[in-house]
Structure formats: structure tokens, C-alpha cells
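Coordinate analysis (summary)
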Amino acid sequence: MTSLPSQINFSVGIDSITNVSGVMGGDLDPTKGMYWTWQSGYINFKLESSKITYHLGGYASPYPTIQNFSFKINNQHPHFVFDADKFLSLALLQRKTNIMSPGADAYHIAQYLQNVFSLKE
């Protein structure tokens, strides 16, 4: 019998080494719409509506947007929840509705992702 992991770790985004390694294939293929340019790298998180466009990316210091998560799990069927309402409420506090390039704005909004993922067991 195999034991279950006691923790799950994941990232929302692409690490800096992958970003500077050039164009990739598969899920990281630029035709999937998550790659800006060789200078800007990948978009780590994208949310679009008729009034809001958040393309959060960037890997260079001081504004890396990758977000790392670690959750302790207690059962075989954990469910991860993304609270979109909470994310939008927090993001709109910055009074920015159109972010489509790396930098301070993308970095600050990406920080809110830490507050909107949760584990439901």
C-alpha cells in the first residue's frame, strides 16, 4: 500500500530559468497564448472580461510574478478552490484594470493570488 503525500506544492507561473530558455513546446508553446516575447517571457496568470484584462507575468527582479503554494493535505481527495470574487475585489483595490506587461503593477496584483487559493478537504 502506498502512502499518501502529506503536502502538495505547486506554482502558478513559470520559473525564471524556464523563461530565459527560449520558446518551448507542448503546454508552453507560444500558440497557446501565454507567451509575450523572449524579453518578457511567459504570462503566469491570465484573467479577462469585457472590462478587465490581467495578463500577469514577468520573471526578472524586482518584479517576479510566479507564486508558489504549499498545502498540507489530510485525505485522498483534496479540492483546490480559486476564489475569483475575492481576487477581483483585492485586485481592483489597485485601481488598475488593464495590465498586459511585466512590472510593478503585474507584480502587486499577482501577490493577491496568495490570498485566493485554498484547500477544501
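Now for a look at the structure at hand. These numbers were taken from a predicted model, which means no experiment stands behind them.

So, the overall build of the protein chain
Assigned secondary structure in the protein chain consists of three helices and eight strands. When the elements of the protein chain are put in sequence order from the N terminus, they spell out β-α-β-β-β-β-β-α-β-α-β. Taking all 121 residues of the protein chain together, the buried fraction comes to 30%. Just so you have it, the protein chain exposes about 7,700 Å², and 52% of that area is on carbon and sulfur atoms.

Notes on the pattern of salt bridges
On inspection of all chains with the given rule, the structure shows one salt bridge. The salt bridge involving Asp-105 is made with Lys-96; its shortest N-O contact spans 3.6 Å.

Comments concerning helix 3 (residues 104-111)
When we look at burial in helix 3, the residues that qualify are Ala-106, Ile-109 and Ala-110. Down the axis of helix 3, the sector holding all buried residues measures 100°, keeping them to one side. Buried positions along helix 3 lie against strand 4 (53-57), strand 5 (67-72), helix 2 (84-91) and strand 7 (98-99).

Some words on the pairing of strand 3 (residues 41-48)
As judged from the two bridges shared by strand 2 (residues 35-37) and strand 3, these two strands associate in the antiparallel manner. When the bridges of strand 3 are listed, Tyr-35 appears paired with Tyr-42. A loop of three residues connects strand 2 with strand 3, the two strands running antiparallel in sequence. The turn linking strand 3 back onto strand 4 is made up of four residues.

Observations regarding the packing of aromatic side chains
Applying the stated criterion across every chain yields a total of 14 aromatic pairs. Considering the side-chain rings of Tyr-54 and Phe-87, the 6.1 Å spacing of their centres and the 90° angle between planes classify their relative orientation as edge-to-face. A residue pair is termed long-range when its members are at least 10 positions apart, and Tyr-54 in strand 4 and Phe-87 in helix 2 qualify at 33 residues. Here the two residues Tyr-54 and Phe-87 agree in accessibility, since each one is buried. Ring geometry for Phe-71 and Phe-80: centres 5.3 Å apart, planes at 65°, overall edge-to-face. We classify Phe-71 as buried; its relative accessible area is 14%.

Remarks on unusual backbone geometry
In this chain, Ser-61 is followed by Pro-62 through a cis amide linkage whose omega measures 10°. Along the chain, Pro-62 falls in the loop between strand 4 and strand 5. Unusually for a residue other than glycine, Arg-95 sits at a positive phi of about 60°. Turning to its location among the elements, Arg-95 is positioned in the loop between helix 2 and strand 7. Under the relative-accessibility criterion, Arg-95 is labelled exposed at 75%.

Observations regarding helix 2
Every buried residue belonging to helix 2 is among Phe-87, Leu-90 and Ala-91, and all of these are buried. For helix 2, the buried positions fall inside an angular range of 95° around the axis, keeping them on one side. At the N-terminal boundary of helix 2, the capping side chain belongs to Asp-83, with an oxygen 3.3 Å from the backbone nitrogen of Asp-85.

Criteria and cut-off values
- Numbers given to residues run from 1 along each chain, matching the order in which its sequence is written.
- Reporting in this predicted model follows two pLDDT cut-offs: at least 70 for local features of residues, and 80 or more for side-chain atom pairs to be given and counted; totals over whole chains, interfaces and linings ignore these cut-offs and use all residues.
- Excluded from the side-chain calculations are hydrogens and water; all other atoms, namely the structure's heavy atoms, are used.
- Strands are runs of DSSP state E lasting at least two residues, helices are runs of H or I lasting at least four, and both sets are numbered from the N terminus onward.
- Per-residue accessibility, obtained with a 1.4 Å probe over protein chains only, is compared with the maximum for each type, and a residue is labelled buried under 20%, exposed over 50%, and partly exposed between these values.
- Note on areas: Shrake-Rupley, 1.4 Å probe, and residue coverage restricted to the protein chains presented here.
- Throughout this description, the term salt bridge denotes a Lys or Arg side-chain nitrogen within 4 Å of a carboxyl oxygen of Asp or Glu.
- Think of the arc as the fan of directions from the helix axis to the C-beta atoms.
- In this analysis, two residues are considered to be in contact whenever any of their non-hydrogen atoms come within 4.5 Å of each other.
- A pair of strands counts as paired when DSSP detects no fewer than two bridges linking them.
- Classification of ring pairs uses Phe, Tyr and Trp, with its six-membered ring standing for Trp, and accepts pairs whose centres are within 6.5 Å; under 30 degrees between planes counts as stacked, over 60 as edge-to-face, and the remaining range as tilted.
- Whenever a nitrogen or oxygen atom comes within 3.5 Å of another N or O atom, the pair is scored as a polar contact, on the condition that within protein one atom can donate a hydrogen and the other can accept it, and that pairs from neighbouring residues in sequence are kept only if both atoms are in side chains.

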